[in-house]
Amino acid sequence: MTNRTVLVLLDPADEVRSSVLELLTIGRALGRVEAVTLEAPSVEALAQLGAHGVETVHQAELPAELRGDARHLSAVVAEVLAAAVRRTDADVLLAPSTFAAKEAVALAGRALGAGVIIDAAGVAEDDEGRIVGTKRVFAGAWDTSSRVTTDVAVLTVRANAVVPQPAEAAVATEVEGFAVEVGAALPTVTSRTEKERDADRPTLEEAAIVVAGGRGTEGDFGPVQDFADALGAAVGASRDAVFEGWFDRYVGQTGVTVAPRLYVGAGISGAPHHRGGMQASQVIVAVNNDPEAPIFEICDFAVVGDLADVLPQAAEVIRAHKAAR
Amino acid sequence: MRIVVAVKYVPDINAERKFADCRVVRDPAEGTLNELDENALEAALQIVEALPEGEQESAEVVAVTVSPPEGDVALRKAFQMGVHRGVRVSDDALAGSDYFGTTAALAAAVRHLEAEGPVDLVVTGMAALDGLGSVVPALLAAELGRPSLTFAKTVAVAGGALEITRETDEATETLTAPLPAVLSVADTANRPRFPNFKLIMAARSKAIEELSSADLGLDPAVVGAAGARTETTAAAPRPEKPEVELVQDKGEGGKALAEYLIRNELV
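None of these values were measured; they are calculated from a predicted model. (Residues numbered from 1 in each chain as written. Chains lettered and ligands numbered in written order. Predicted model: local features only at pLDDT ≥ 70, side-chain atom pairs only at ≥ 80, totals over all residues. Heavy atoms only, no water.)

1. Quick word on the overall build of chain B
Argument step 1. For chain B, the helix and strand inventory stands at eight helices and 15 strands.
Argument step 2. Counting only C-alpha atoms, chain B reaches 70 × 40 × 40 Å along its principal axes.
Argument step 3. Residues classed as buried in chain B amount to 51% of the 267 residues present.
Argument step 4. Across chain B, every contact between residues at least 6 apart in sequence was considered, and the portion connecting residues at least 24 apart equals 70%.
Argument step 5. Working note: accessible area of chain B is about 11800 Å², and carbon and sulfur atoms make up 51% of it.
Argument step 6. Looking at chain B, you have 25 positive and 42 negative side-chain charges, and the mean spots of the two groups are 3 Å apart. (Helix = DSSP H or I, 4+ residues; strand = E, 2+ residues; numbered from the N terminus. Buried < 20%, exposed > 50% of the residue type's maximum accessible area, 1.4 Å probe, protein only. Contact = heavy atoms within 4.5 Å. Areas by Shrake-Rupley, 256 points an atom, 1.4 Å probe, with all protein chains shown as cover. Lys, Arg positive; Asp, Glu negative; His and termini not counted. Charge placed at Lys NZ, Arg CZ, Asp CG, Glu CD.)

2. What about the overall build of chain A?
Argument step 1. Along the backbone of chain A there are eight helices and 16 strands.
Argument step 2. Whereas a compact globule of 325 residues would reach a radius of gyration of roughly 20 Å, chain A reaches 21 Å, a difference of no more than 12%.
Argument step 3. Its C-alpha atoms give chain A principal-axis dimensions of about 60 × 50 × 40 Å.
Argument step 4. Classification of the 325 residues of chain A by burial places 59% in the buried group.
Argument step 5. Residue pairs in contact within chain A that sit at least 24 positions apart in sequence constitute 64% of those at least 6 positions apart.
Argument step 6. Between the averaged position of the 27 positive side-chain charges in chain A and that of its 46 negative side-chain charges there is a distance of 3 Å. (Rg over C-alpha atoms; globule rule 2.2 N^0.38 Å.)

3. Quick look at the packing of aromatic side chains
Argument step 1. As enumerated under the stated definition, the model contains five aromatic pairs over all chains in all.
Argument step 2. Between F221 of chain A and F247 of chain A the ring centres are 4.9 Å apart and the planes differ by 10°, which places this aromatic pair in the stacked class. Taken as a pair, F221 of chain A in the loop between strand 12 (209-213) and helix 5 (222-231) and F247 of chain A in the loop between helix 6 (239-243) and strand 14 (262-266) lie far apart in primary sequence, 26 residues in all. This pair shows no difference in class: F221 of chain A is buried, exactly as F247 of chain A is.
Argument step 3. Three or more aromatic residues joined by ring pairs make a cluster, and in this case those are F138 and W142 of chain A together with F19 of chain B.
Argument step 4. The ring of F243 of chain A has R191 of chain B lying over it, and the distance from NZ or CZ to the ring centre is 4.8 Å. (Phe/Tyr/Trp six-rings, centres within 6.5 Å; stacked < 30°, edge-to-face > 60°. Lys NZ or Arg CZ within 6 Å of the ring centre and 35° of its normal.)

4. Looking at the sheet that holds strand 10 (residues 161-167) of chain B
Argument step 1. Pairing is mixed in the open sheet, where ten strands are placed in the order 11(A)-11(B)-10(B)-9(B)-12(B)-8(B)-1(B)-6(B)-7(B)-13(B). The sheet terminates laterally at strand 11 (188-194) of chain A together with strand 13 (208-211) of chain B, the two strands that pair on one side only. Ignoring which end each strand starts from, the neighbouring axes of this sheet average 30° apart.
Argument step 2. Pairing geometry for strand 1 (residues 2-7) of chain B and strand 6 (residues 60-66) of chain B, over six bridges, is parallel. Paired with I3 of chain B across the bridge in strand 6 of chain B is V61 of chain B.
Argument step 3. The strands touched by helix 2 (residues 72-81) of chain B within the sheet are strand 1, strand 6, strand 7 (85-89) and strand 13 of chain B, with strand 7 of chain B carrying the most contacts at an inclination of about 165°. (Pairing = 2+ DSSP bridges. Axes fitted to C-alpha atoms, helices over the stretch in contact; angles between N-to-C directions.)

5. Here's the deal with the pattern of salt bridges
Argument step 1. Throughout the structure, instances matching the rule amount to 43 salt bridges over all chains.
Argument step 2. Notably, a salt bridge pairs D229 of chain A with R201 of chain A, separated by 2.7 Å at the nearest N-O pair. In this pair, D229 of chain A is assigned in helix 5 and R201 of chain A in the loop between strand 11 and strand 12, connecting sequence segments 28 residues apart.
Argument step 3. A salt bridge links E42 of chain B to R193 of chain B; its shortest N-O distance comes to 2.8 Å. (Salt bridge = Lys/Arg side-chain N within 4 Å of Asp/Glu carboxyl O.)

6. A closer look at the pairing of strand 2 (residues 32-37) of chain A
All names here are of chain A.
Argument step 1. Counting buried residues in strand 2 gives five out of six residues, a clear majority hidden from the surface.
Argument step 2. Where strand 2 and strand 3 (residues 56-61) come together, three bridges link them in parallel fashion. Looking at strand 3, one finds that A35 is bridged to V57.

7. A short note on the environment of I262 of chain B
Argument step 1. In this fold, I262 of chain B is placed in helix 8 (residues 253-263).
Argument step 2. As for I262 of chain B and E210 of chain B, which are separated by 52 residues in sequence, their C-alpha atoms are 60 Å apart.

8. Regarding the domain arrangement of chain A
Residue and element names in this part refer to chain A.
Argument step 1. By the assigned domains, chain A splits into domain 1 (5-179) and domain 2 (209-324).
Argument step 2. Centre-to-centre separation of domain 1 and domain 2, based on C-alpha positions: 31 Å.
Argument step 3. Of the roughly 560 Å² buried between domain 1 and domain 2, counting both surfaces, carbon and sulfur atoms make up 55%.
Argument step 4. Taken together, domain 1 and domain 2 are joined by zero salt bridges.
Argument step 5. Tallied by class, the residues present in the side of domain 1 that touches domain 2 amount to two nonpolar, two polar and two charged. (Domains from an automatic or database assignment. Buried area = accessible area lost by both parts, 1.4 Å probe. Nonpolar A, V, L, I, M, F, W, Y, C, P; charged D, E, K, R; others polar.)

9. Section: empty space enclosed by the protein
Argument step 1. Within the structure shown, the criterion is met by one cavity of 30 Å³ or more.
Argument step 2. Of the volumes computed, that of the largest cavity is approximately 180 Å³.
Argument step 3. Lining of the largest cavity is provided by 21 residues; of these, R136, V137, F138 and R158 of chain A together with L132 of chain B occupy positions nearest its centre.
Argument step 4. Among the residues making up the lining of the largest cavity, the classes are represented as eight nonpolar, seven polar and six charged.
Argument step 5. Counting contributing residues per domain, the lining of the largest cavity is built from domain 1 (5-179) and domain 2 (209-324) of chain A, each supplying no fewer than three. (1 Å grid on protein atoms, 1.4 Å probe; cavity = no way out; pocket = protein on both sides within 12 Å on 5 of 7 lines; lining within 4 Å. Points joined across faces, edges and corners; volume = space filled by probe spheres on them.)

10. Regarding the sheet that holds strand 7 (residues 131-137) of chain A
Argument step 1. The strand order across the open sheet built from four strands is 6(A)-7(A)-8(A)-14(B), with neighbouring strands paired in antiparallel fashion. Sheet topology places strand 6 (122-125) of chain A together with strand 14 (230-237) of chain B at the edges, where each strand pairs with a single neighbour. Neighbour-to-neighbour, the strand axes of this sheet turn through a mean angle of 25°, independent of strand direction.

11. Structural notes on the interface of chain B and chain A
It is common to give the size of an interface as the accessible area that goes away when the parts come together.
Argument step 1. Between chain B and chain A, the residue contacts involve 77 residues of the former and 86 residues of the latter.
Argument step 2. With both chains or domains summed, chain B and chain A bury close to 7000 Å², and 58% of this area falls on carbon and sulfur atoms.
Argument step 3. Contact with chain A buries surface across chain B, with D169, E170 and R229 of chain B losing the most and accounting together for 10% of the total.
Argument step 4. Note that R249 of chain A is salt-bridged to D169 of chain B, the shortest N-O span being 3.7 Å.
Argument step 5. Taken together, chain B and chain A are joined by 38 residue pairs in polar contact (both at pLDDT 80 or more). (Polar contact = N/O pair within 3.5 Å; in protein donor to acceptor, adjacent residues only side chain to side chain.)

12. Observations concerning the UniProt feature "domain: Electron transfer flavoprotein alpha/beta-subunit N-terminal" (unreviewed entry) in chain B
Argument step 1. UniProt annotation of "domain: Electron transfer flavoprotein alpha/beta-subunit N-terminal" (unreviewed entry) refers to residues 21-220 of chain B when read in the numbering used here.
Argument step 2. End C-alpha atoms of residues 21-220 of chain B are separated by 22 Å, and the span's content is 32% helix alongside 28% strand. (UniProt positions renumbered as here; feature names shortened; annotations may be inferred.)

Structural data, given as C-alpha cells:
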C-alpha cells in the first residue's frame, strides 16, 4: 500500500527536531508524508520539511481562547490531530514518544476509533498491509510486535529508532490552514514557563550518547558534565540524584527513557527503575566503586573505581584523541 | 469528598517478567500493586487529611482495579495504606483489553460508584510499570467527560477546585479545574506512607466488592481481546549480553575506558 498518507506531528514548529526527522524517515517508507502543526512553522523548519519530502503542512487554526498556553494541553492537541487525520484521510499518524504526545495521540485514537501503539521502536507493514509496531518492553528484556487492526493506525515512536535520512529529492512545502473546534472538558492553564533548552548539549531524549550520574557523584556533577562534553553527550541522572536535588532530569522508566548508541552510567547502581529507562541502549558502560553494583550485570564495559578519578582521565584521553584527528 | 483511585495489579519489576502466547504472564507469586499507584493512593489520602474537620469523617476513598481475582493483593495493599473500600472488576471477557478496553471498564466502574453518590475526583498513578503507556488517565478523563490534570508534582484541593503543578518535557505548568476531575500523580509528588500495624491487621478482614462486566453494563464488543484495536503477534526475549569487560581502576581506569570507546568507534 504505497499510496498511504502518513501524518507526522510537528510541535513546536520553530524547528524540526531529530525525533521528527526520524518520523519523516519512517513515514516515507510507508507512504506520502505530511505534517500537522499548531502554529506557523518557521522558515528554517519549512526548508527542513521540504528536504524530507513534506509537500503539505496542515496548520491548525484554534479558537482564540485556545491559542495561548492552552494549545499545549493534550486534549487540544488531540482534537487537532483527529481533525487533521479526517481532513487528509491519513492512514497513519506518527508522533514522538513524549508524555504529552502520548496522551494527545491516544486521545486522537479514541476520537478516530483507531488502534494505538505507544513507544514503538520500529514501524513496518505486514503481508496484509496492516501497520505493525515493534516495542522493547520489560526494561529492554523482551521484544514484541503488535499489529493495528483498524484502518487508521496511530503510533508514538521512541527516539533513535532509525537514522534520519532526507528524501531523495527535496520538494516545495505549502502550508494549509484548517479550523479546529475543541469540545473536550479542559483545565485552565494558569501559568506556563517553557524550559530553556541547553544549546551546548543535545537533548536527553534524542542524544546518540548519554552520560548519567547517580548517588556516587555525591552531589558533584562536574566530572559527569565534563566527560559528557568531551563526548558531545547529553547529561542525565538517576531518580535518587534528582530527589536529592543534584540534577533536574532523570533517566528511568518514569523519567526519560533513552536508547542511545552509547550510555554511560557513573555512580549509578542500576536499580530496576533506572534500568527500565536505559536498558535498550546499544552499548552500556558503567563506572562504579561498588564491584557488586547491579548495573554491571547489563554492561558491555565497566570500570570499578571512583568516578571522580576515572571520568576526568577518560575525558582527557578522548579530547586528545579528537584533537589528533 | 469521594475519591476513586484506579490501581493496577502488575508483575513485580524485581521479578523475571515474561510473555506466554503473546500475553504478559501474571504469576500470582510475583504479582503486586503497581508501585506508581502508591503515589496516587498517597495523594488521595493526603487530600482527605487536608479537609476541614467535619468533612474528613464523611470522606471516602475507594480503590478500584480491573483484574482477575489474583489482583486482590493490590487492593489489600491499598487497604493497608488506608483506603475505605476496594472494588474489583473481574470478567474473562476483559482479558486482552487494549488502552480503550481498560479505560471503558474503569469508566464504567466510576459511573457505577456515581450511582451511589457523586465522585469528586478520580486519581491514578502516572503509568503502570508493566505497559508504561501512561495514557489511560487522559483517556479516562475523556471517557468521563472531565478535565484531565496529569503528571502532577504538587496537588491541592480547595474551594471545590483542583490545582496541580507539573513538569512536562517542554515546560513547568500550573493547571486548575473545578471538581469533578481526573488527576494523575507523578512519582516525584510524594513519598507513599508505610502501612501501620493497625491498618495491616484491619486490611486482612476488609471485604472486596466484586463486579462483572454485566454489573457495569459493559458492551462485550468494546472490551477484552474482542474489542482491542491492536493485537500482539510476537513476543521474544532479547538475547543475553556477552560477559561484561570489567576493569579494576588502579590509576589507569579512565584511560582504559577511553580506549574502549575509541576502539569501538563510539567517540
